[in-house]
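# Working through the structure, step by step
Listed below, chain by chain, are the residues.
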Amino acid sequence: MRMVFTGILSLIAGAGLVGCGSETTADGEGGVAGKTDYITIGTGGVTGVYYPVGGNLAALLNADTAEHGIQASVESTGGSVYNINAVLSGDLDFGICQADRQYQAVKGLKEWESVGAQDKLRAVFSLYTETVTLAGADDAGIKTLADLKGKAVNIGNPGSGTRENALDVLKAAGLDAESDIRSQGIKSSESPKLLQDGRIDAFFFTSGHPAGVFMQVTTNLRKVWLIPIEDVDGLLDSAPYYLKTTIPVAYYPNALNTEDIPSIGMKTTLVTSVDTPEETVYRMVKAVVEGFETIKGMHDALKDLTREDLVDGHSAPFHPGAERYFKEAGLL
Ligand code: GLU
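Cut-off values and rules
Residues numbered from 1 in each chain as written. Predicted model: local features only at pLDDT ≥ 70, side-chain atom pairs only at ≥ 80, totals over all residues. Heavy atoms only, no water. Core = buried A, V, L, I, M, F, W, Y, C linked by side-chain atoms within 4.5 Å. Buried < 20%, exposed > 50% of the residue type's maximum accessible area, 1.4 Å probe, protein only. Contact = heavy atoms within 4.5 Å. Phe/Tyr/Trp six-rings, centres within 6.5 Å; stacked < 30°, edge-to-face > 60°. Lys NZ or Arg CZ within 6 Å of the ring centre and 35° of its normal. Helix = DSSP H or I, 4+ residues; strand = E, 2+ residues; numbered from the N terminus.

If you look at the biggest cluster of nonpolar residues, it comprises 87 residues, and the most contacted ones within it are Phe125, Leu148, Phe204 and Phe214. Other than its neighbours up to four places away in sequence, Phe214 contacts Thr133, Ala135, Phe203, Phe205, Ser207, His209, Leu226 and Tyr252. Counting 11 residues, the second largest nonpolar core, distinct from the first, contains Ile84, Val87, Leu88 and Ala105.

Structure follows, in C-alpha cells:
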C-alpha cells in the first residue's frame, strides 16, 4: 500500500504549496517588484501521474516564489495533445506531454497533419518513462491483445496522448479500431468505473506507474489483468520514440498478474512555447535540477530519474531558458 500513500501525499504536497505563495515579492532576479507572475502547468486526469507530478513541479517552483515572483498552479486536462495545443495558443504556460506527441507536433504528423509543423513548441525537460498500459477484465476473457476482438474498449479521449498509442498497438496486433472492437473515446479517470460497471471490457491508458487509474481498477470486484503488449516490433522499428518498458507488478498487488508486464512506452516531457519568457523557463528548470533529490522522492514514477534523463528524448528545440540553465549545470 506504500504507493497509494506516496501518491496521495504528493498530491497533498502539491496542492498545499500551490496557491500559498505571497502576493507580493522581493525584486528577485526574475520577478518584478511587488508583482507575482501566475503560471499554469497542464497535466492530465486527476488519477493519472501527470497531475500529481505537475503538482510536485509547481511545489518546487513555488518554494522560491518570494525570490523569483513566479507562482505555479496545475490544471487537470485531457492530456498530451490538449496540453501541446494549449501551450501553443497561450492558454497554458507549460504542458506535460508524451515524447511521441512532442515529435508529432514538431513534424506536423497525426493530430497536427492538417495544421502542419508546430515550430513554436519548445522543450523544457524530460521526466520518467511512461508505458502504454492495457487493462482487461478477466470475465471478458481478455489476456492478450488478440482477445480484444469484439470487445468494448476505451481507447482514450481525443486530446489524450493515449489514443494514438492505442490505435498504433491495435493496428500492430492486426485489429481495426473501427470494425474489430467497439471503441470508446472517454477520459481516463472514467475508465475504472466503466470497467467495473461492465460498460467496457478493457481500456488503454499511457501513463507512468504507479497510477491511481490502475490502482482503482484492480482493487474492485471485477478482476483485472494488465495485458502484455508484445510482438509489436514493427512499431518499435518504425517509430523513433517508442521504447520497450515493463510495468512492475508490485505496484498492483490486486491485479491477477504475478509477473512484471512487458509493454512499450516513451519519455514524459515538459514543453512550453517559444513565447514564454526566458526567465520563467530558466526558473522552472533550476527548481527541478536544484530540487532533484526532493522531486525523486515525491512520486514513485520519478524515483529512478537521473539528471541526464532531463535532457533526453526531445524533438523540439530547447527553450532558451532551459538551454541556459542546462549549460550552466553542465548538462548540455
Ligand atoms: N500520457 C497520458 C496522455 O497524454 C496522460 C498520462 C497521465 O495523466 O499520467 O494521455
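Now, onward.
Taken as a whole and judged by the stated rule, the model has 8 aromatic pairs. Pairing Tyr251 with Tyr252 gives two aromatic rings, centres 6.5 Å apart and planes at 75 degrees, and the pair type is edge-to-face. Accessibility expressed as a relative area gives 9% for Tyr251, which makes it buried. With a centroid separation of 5.6 Å and an interplanar angle of 65 degrees, the aromatic rings of Phe318 and Phe326 are classed as edge-to-face. No difference in accessibility class separates Phe318 from Phe326, as the two residues are buried. Site record: aromatic cluster; members linked through ring pairs are Phe203, Phe205, Phe214, Tyr251 and Tyr252. Of note, Arg324 hangs over the ring of Tyr282, and the distance from its end group to the ring centre comes to 3.9 Å.

Bringing unusual backbone geometry into the picture now. Phi is mostly negative for residues that are not glycine, and the peptide bonds are mostly trans. At the junction of His209 and Pro210, the peptide bond is cis and its omega measures out at 0 degrees in the coordinates. Relative to the assigned elements, Pro210 resides in the loop between β7 (202-207) and α8 (212-218). Positioned with a positive phi, Lys110 is a non-glycine residue whose angle comes to about 50 degrees. On the accessibility criterion, Lys110 (34% relative accessible area) is partly exposed. Notably, Asp231 is not glycine yet its phi reads approximately 55 degrees, a positive angle.

On their own, these measurements won't tell you what the molecule is for.
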